[in-house]
Amino acid sequence: MTDIRILIVEDDPFIAMDIESAVAEQFGPAAELIVVDSVSQAQRAATAAELSCALLDIDVVGGKTFEVAANLLQRGTPFAFVSGSTPGDVPEPLRNVRFLRKPFSTRDITSFVSAAVAEPAKG
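Here the structure is a predicted model, which means the values were calculated and not measured. (Residues numbered from 1 in each chain as written. Predicted model: local features only at pLDDT ≥ 70, side-chain atom pairs only at ≥ 80, totals over all residues. Heavy atoms only, no water.)

A. Expanded view of the pattern of salt bridges. As enumerated under the stated definition, the model contains six salt bridges in all. The partner of arginine 75 in a salt bridge is glutamate 50, with the nearest N and O atoms 3.8 Å apart. Placement of the pair is arginine 75 in helix H3 (residues 66-75) and glutamate 50 in the loop between helix H2 (39-48) and strand E3 (53-56), with a sequence separation of 25 residues. Taking the relative accessible area as the measure of exposure, arginine 75 reaches 28% and is therefore partly exposed. (Salt bridge = Lys/Arg side-chain N within 4 Å of Asp/Glu carboxyl O. Helix = DSSP H or I, 4+ residues; strand = E, 2+ residues; numbered from the N terminus. Buried < 20%, exposed > 50% of the residue type's maximum accessible area, 1.4 Å probe, protein only.)

B. Structural context of the sheet that holds strand E6 (residues 79-83). The strand order across the open sheet formed by five strands is E2-E1-E3-E6-E7, and the pairing between neighbours is parallel. Each having just a single partner strand, strand E2 (31-36) and strand E7 (98-101) make up the two edges of the open sheet. On average, adjacent strands in this sheet sit at an angle of 20° to one another, irrespective of strand direction. On the sheet, H2 packs against strand E1 (4-9) and E2 and is oriented at approximately 165° with respect to E1. Along the sheet face, H3 touches E3 and E6 and points at about 160° away from the line of E6. (Pairing = 2+ DSSP bridges. Axes fitted to C-alpha atoms, helices over the stretch in contact; angles between N-to-C directions. Contact = heavy atoms within 4.5 Å.)

C. Structural detail: the side chain of aspartate 57. Relative to the helices and strands, aspartate 57 is located in the loop between E3 and strand E4 (59-60). On the basis of relative accessibility, which here comes to 5%, the residue aspartate 57 falls in the buried class. Side-chain polar atoms of aspartate 57 contact the side chain of lysine 102, separated by 3.2 Å. Among residues more than four places away in sequence, those in contact with aspartate 57 are Val9, Glu10, Asp11, Thr65, Val82, Ser83 and Lys102. (Polar contact = N/O pair within 3.5 Å; in protein donor to acceptor, adjacent residues only side chain to side chain.)

Pasting the structure below:
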């Protein structure tokens, strides 16, 4: 079992594979990648294990990930929105969160994850 657990919430399988591939290339077997495509799966995954960080699409199967994001924020888990939406679509309490606009660069993804994993969770 690994100490690095990264939640990826993305309902487009090709984008999910791009994110997963970028993170896996960076961390290899040192990281456990939890890839889900719905709000309900994201809620379960976010509470089932201690996460190092999370990458959340906003619009996924079952709705928007804002409640998941609020829970992560409350737990002190670093996360970023990775979305085609705009930062203005994010509710006010979540607007200070890192926002990676699609199409994203893999460098943006790996940079965020590296920084998040290097910082201990504040929960």
